[in-house]
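Residues per chain, in single letters:
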Amino acid sequence: MLVALTGTPGTGKSTIAALLEEKGFRVCELEELARRCGALRSYDLVRESWEVDLEVLERSIPKERPLILVGHVSHLLPVDISIVLRCHPEALGERLVAKGWDAAKVRENMEAEALGVVTHETMEKTRAFEVDTTSASAEENARVVSDILSGRGGGHEAGTVDWSEVILGWY
Ligand SMILES: Nc1ncnc2c1ncn2[C@@H]1O[C@H](COP(=O)(O)OP(=O)(O)OP(=O)(O)O)[C@@H](O)[C@H]1O
Ligand SMILES: [Mg+2]
């Protein structure tokens, strides 16, 4: 089984993936893989992010299974299931500010999270689950992800988290 652990930047993918690795899951950080396999194309100075060549990245995925691909483009690869990490937009903003991100990038990602961009993209492509990381600890969230991977994902089917109303309060 090939799994995508995806979500807006700051939702906790890497934090939770590290805990899953401690539990014995095999994980692959896509940013690291993209760097190693030459899948980074051009640097977008405005968005301060790299364009990733998904075809090159796909060819470079390690062959071992099961494997959890970690990163905000993981759901665009040919995975069997996707788990989307979610975080309330205001809390996400605080996390990104704490990571030292500049205001425009923080705003862009808060908006993407409020609109559920990654969830929508994911649901079009594959079987998808969502985990709200806002209030629970990273350990608890890792346990929920582990349960989903063991077939106990009832109640976490994608489409249950909706923060679109948050946007109304911003304008
Ligand atoms: N419940 C939680 N689960 C996961 N992370 C949390 C939680 N609460 C707070 N955090 C914090 O949120 C931040 C999440 O950052 P992390 O690098 O794991 O996100 P990411 O989704 O991998 O982002 P990126 O797409 O930029 O790689 C960390 O600083 C982490 O400590
Ligand atoms: Mg990360």
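Source: prediction; values computed, not measured. (Residues numbered from 1 in each chain as written. Chains lettered and ligands numbered in written order. Predicted model: local features only at pLDDT ≥ 70, side-chain atom pairs only at ≥ 80, totals over all residues.)

Chemist: Tell me about the overall build of the protein chain, and name the residues and values.
Modeler: Looking only at helices and strands, the protein chain features 8 helices and 7 strands. Taken against the 2.2 N^0.38 rule, which gives 16 Å for 171 residues, the C-alpha radius of gyration of the protein chain at 15 Å falls within 12% of a compact globule. For the protein chain, the spread of C-alpha atoms along the three principal axes comes to 45 × 40 × 30 Å. Within the span of the protein chain, comprising 171 residues, buried residues form 35% of the whole. If you take every contact in the protein chain between residues at least 6 apart in sequence, the share linking residues at least 24 apart comes to 73%. (Helix = DSSP H or I, 4+ residues; strand = E, 2+ residues; numbered from the N terminus. Rg over C-alpha atoms; globule rule 2.2 N^0.38 Å. Buried ≥ 20, exposed ≤ 12 C-beta atoms within 10 Å, placed from the backbone. Contact = placed C-beta atoms within 7 Å.)

Chemist: Quick one: what's the story with the site of ligand 1, residue by residue and with numbers?
Modeler: Near ligand 1 there are 16 residues, and of these P9, G12, K13, S14 and T15 occur at the shortest range. Put simply, the parts of the chain that give the shell around ligand 1 at least two residues each are helix 1 (13-22) and helix 7 (138-149). Residue contributions to the shell around ligand 1 peak at 4 residues, all from helix 1. When grouped by side-chain class, the residues that make up the shell around ligand 1 number 4 nonpolar, 10 polar and 2 charged. (Near = placed C-beta within 6 Å. Nonpolar A, V, L, I, M, F, W, Y, C, P; charged D, E, K, R; others polar.)

Chemist: Account for the packing of helix 4 (residues 89-98) against helix 5 (residues 103-115), with residues named and values stated.
Modeler: With their axes 9 Å apart at the nearest point, helix 4 and helix 5 run at an angle of 150° to one another. Considered as vectors, helix 4 and helix 5 are oriented roughly antiparallel to each other. Here the hand of the crossing between helix 4 and helix 5 comes out right-handed. Facing helix 4, whose interface residues are P89, L92, G93, L96 and V97, helix 5 presents V106, N109, M110, E113 and A114. (Axes fitted to C-alpha atoms, helices over the stretch in contact; angles between N-to-C directions. Parallel < 35°, antiparallel > 145°, perpendicular 65-115°, else oblique. Left-handed = near helix turned anticlockwise from the far one by under 90°.)

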